[in-house]
Amino acid sequence: MDLGFRAKKWFGADELPLRPAVVQGIDDEIENPFDVDVTLMRDWPRATATIVTVERTGEWIDRNEFFDLTLEIELDGVGRYSVRQRQLVPEKTKVDWRPGGEIGVLVNPSDHSKTVLA
């Protein structure tokens, strides 16, 4: 499967999405949150995340852009905490990704710093 140059830069040379990858080139390294088997995510708790910051990366797949996000997550039993991650944002929903907006996420129960969109 050929995902194109930009996808190879994000996912790595083996062209397999959903594999571990670390994205470099910003203040801190941001780990790919998709490095967990999708079937395991069924047991991840749902939480509400408030978008704190949205920063352009210049990385694209087709017409969809990656953004570096800072999210403040409210998780039952844990409270509020911040997470910084890279997220692929579909072009048609880009206008919804503004600071102050809320999104649903799934949180890794063994590492609360890893989240994916619900």
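Just so it is clear, the model here is predicted, and its values are computed rather than measured.

Can you walk me through the overall build of the protein in this structure?
Across its full length, the protein holds 1 helix and 7 strands. In the protein, the succession of helices and strands from N to C terminus is α-β-β-β-β-β-β-β. For the protein, with 118 residues in total, the buried portion stands at 36%. Surface exposure of the protein reaches about 7200 Å², of which carbon and sulfur atoms provide 49%.

Honestly, the nonpolar core in this entry has me stumped. Any pointers?
The nonpolar side chains of soluble globular proteins are, as a tendency, buried together. In this structure, Leu71, Ile73, Ile103, Val105 and Val107 are the most contacted members of the largest nonpolar core, which totals 15 residues. Of all the secondary structure elements, the ones that give two or more residues to this core are strand 3 (46–61), strand 4 (64–75), strand 5 (79–89) and strand 6 (102–107). Top contributing element to this core by residue count: strand 4, with 5 residues.

What am I meant to see in the sheet that holds strand 4 here?
By definition, the strands of a sheet pair up through backbone hydrogen bonds, in either a parallel or an antiparallel sense. In space, the 5 strands of this open sheet follow the order 5-4-3-6-7, with antiparallel pairing throughout. Only two strands of the sheet have a single partner each, and these edge strands are strand 5 and strand 7 (115–117). Neighbour-to-neighbour, the strand axes of the sheet open up by a mean angle of 40°, direction not taken into account. Pairing of strand 4 with strand 5 involves 11 bridges; the strand directions are antiparallel. Across the sheet, Thr70 pairs through a bridge with Arg84, a residue of strand 5.

Just checking my understanding: could you explain the pattern of salt bridges for this structure?
Should the charged atoms of two oppositely charged side chains come close, the side chains can pair. Enumeration over the complete set of coordinates arrives at 7 salt bridges. Several salt bridges converge on common partners, so that one network encompasses Arg56, Glu65 and Lys94.

Help me out: how do you make sense of the side chain of Asp68 in this one?
Among the structural elements, Asp68 can be located in strand 4. Of the polar contacts made by the side chain of Asp68, one reaches the side chain of Arg86; its length is 2.6 Å.

The rules behind the values
Residues numbered from 1 in each chain as written. Predicted model: local features only at pLDDT ≥ 70, side-chain atom pairs only at ≥ 80, totals over all residues. Heavy atoms only, no water. Helix = DSSP H or I, 4+ residues; strand = E, 2+ residues; numbered from the N terminus. Buried < 20%, exposed > 50% of the residue type's maximum accessible area, 1.4 Å probe, protein only. Areas by Shrake-Rupley, 256 points an atom, 1.4 Å probe, with all protein chains shown as cover. Core = buried A, V, L, I, M, F, W, Y, C linked by side-chain atoms within 4.5 Å. Pairing = 2+ DSSP bridges. Axes fitted to C-alpha atoms, helices over the stretch in contact; angles between N-to-C directions. Salt bridge = Lys/Arg side-chain N within 4 Å of Asp/Glu carboxyl O. Polar contact = N/O pair within 3.5 Å; in protein donor to acceptor, adjacent residues only side chain to side chain.

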